[in-house]
Amino acid sequence: MPTADLGDSQLFYREAGEGDPVLGIMGYSLDSRFWAGQVPAVTKSHRFITFDNRSIGRSTGAPPTTIDEMANDALRLLDHLGIEKTAVFGVSMGGTIAQRLTLDHPDRVSALILGVTWARPIEFMRRQHAVARSFLDSDGSSQELLEMTMLRMFTPRFFEVGKEAIDQIIAAFTSAPGGPGIPSPESLRGQLDAMDKHDTLADLSKVGCPTLVLGGKMDMLVPYFAAEEIAAGIPGAKLVTFETGHGCMVEEMDAFNAAVSDFLASVV
């Protein structure tokens, strides 16, 4: 099981494919297994490194308090792997980490993919997060919170036609013995706190690398206008829009992966 010893944490990571590197940074509560649908698209032409954020999945360490902290973990993973420059692919919370990494260390990022993410505090999201904290504080379980989140991840239609896929995603949280397990309430609270502090909108004009922004029109976790704001803020950014929601990387996997593959081919 490959891990990077960062001193204050150990990050579990996976590698697949060959070629120039792409670092995948996953979103709230999820671990590197949830990149499975995108691995074939990225590894057509690139080496794909994915990892579990601190205190999530098989990674250790104290729960995060800021996006900066998780971006620093990602940077230290690149150092551990001897990667001087990489494309960075972040989804949801992972997209906020990717923004922070790119702004703080532009020399380390060759291209940027930002999926269903945001660049400033959004009141709708703040209220969602407050409800999630209240649920955890009232002794609600992490498993129940994650299942509730799934209801807003996908469109109602997908629950009809993609029931098996959704059931598989939920079942993945209840791992077999020795698996990564369900994130602790402390880890979930820490990520919520970190997300609420994220604010890079005023600095996005400083991003100088090729950028692809992916947004879902029906997103009920991160509003679509957040993707529009990012695309408008980053010079030359390309915005690709999907007709579904936050789970468009699953619900519209073929189109999502095609956009990613085409972008990566264009920046080689």
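Anything mentioned here points back to the structure above.
Residues numbered from 1 in each chain as written. Predicted model: local features only at pLDDT ≥ 70, side-chain atom pairs only at ≥ 80, totals over all residues. Heavy atoms only, no water.

**Description of the environment of Ala165**
(1) Moving on: When you line up the elements, Ala165 lands in helix H7 (residues 163-173).
(2) Moving on: In this structure the C-alpha to C-alpha distance between Ala165 and Glu251, which are 86 residues apart in sequence, comes to 9.3 Å. (Helix = DSSP H or I, 4+ residues; strand = E, 2+ residues; numbered from the N terminus.)

**What about the layout of surface pockets?**
(1) Moving on: If you add up the space inside the largest pocket, you get close to 870 Å³.
(2) Moving on: Residue lining of the largest pocket: 41 residues in total, with Thr149, Met150, Met153, Leu221 and His246 positioned closest to the centre.
(3) Moving on: Listing elements by their share of the lining of the largest pocket, those giving two or more residues are helix H4 (123-137), helix H5 (142-153), H7, helix H8 (185-197) and helix H10 (248-251).
(4) Moving on: Tallying contributions element by element places H5 first for the lining of the largest pocket, with 7 residues.
(5) Moving on: Of the pockets and cavities examined, the second largest pocket occupies roughly 160 Å³.
(6) Moving on: Every residue lining the second largest pocket is counted, 12 residues in all, and those nearest its centre are Asp20, His46, Ala87, Ser110 and Val267.
(7) Moving on: Elements with a contribution of two residues or more to the lining of the second largest pocket: strand E3 (20-25), strand E5 (86-91) and strand E6 (109-115).
(8) Moving on: Taken together, the residues of the lining of the second largest pocket sort by class into 7 nonpolar, 3 polar and 2 charged. (1 Å grid on protein atoms, 1.4 Å probe; cavity = no way out; pocket = protein on both sides within 12 Å on 5 of 7 lines; lining within 4 Å. Points joined across faces, edges and corners; volume = space filled by probe spheres on them. Nonpolar A, V, L, I, M, F, W, Y, C, P; charged D, E, K, R; others polar.)

**Quick word on the packing of aromatic side chains**
(1) Moving on: As enumerated under the stated definition, the model contains 7 aromatic pairs in all.
(2) Moving on: Considering the side-chain rings of Phe89 and Phe256, the 6.4 Å spacing of their centres and the 20° angle between planes classify their relative orientation as stacked. Of this pair, Phe89 sits in strand E5 while Phe256 is found in helix H11 (residues 253-266), placing the two residues 167 residues apart along the sequence.
(3) Moving on: Taken together, a centroid distance of 5.6 Å and an interplanar angle of 35° make the contact between Phe242 and Phe256 tilted. (Phe/Tyr/Trp six-rings, centres within 6.5 Å; stacked < 30°, edge-to-face > 60°.)

**A look at the side chain of Arg108**
(1) Moving on: Residue position: Arg108 is located in the loop between helix H3 (93-104) and E6.
(2) Moving on: Classification of Arg108 as buried rests on a relative accessible area of 14%.
(3) Moving on: If near-sequence neighbours (up to four positions away) are discounted, Arg108 is found in contact with Leu75, Leu78, Asp79, Ile83, Glu84, Lys85 and Thr86. (Buried < 20%, exposed > 50% of the residue type's maximum accessible area, 1.4 Å probe, protein only. Contact = heavy atoms within 4.5 Å.)

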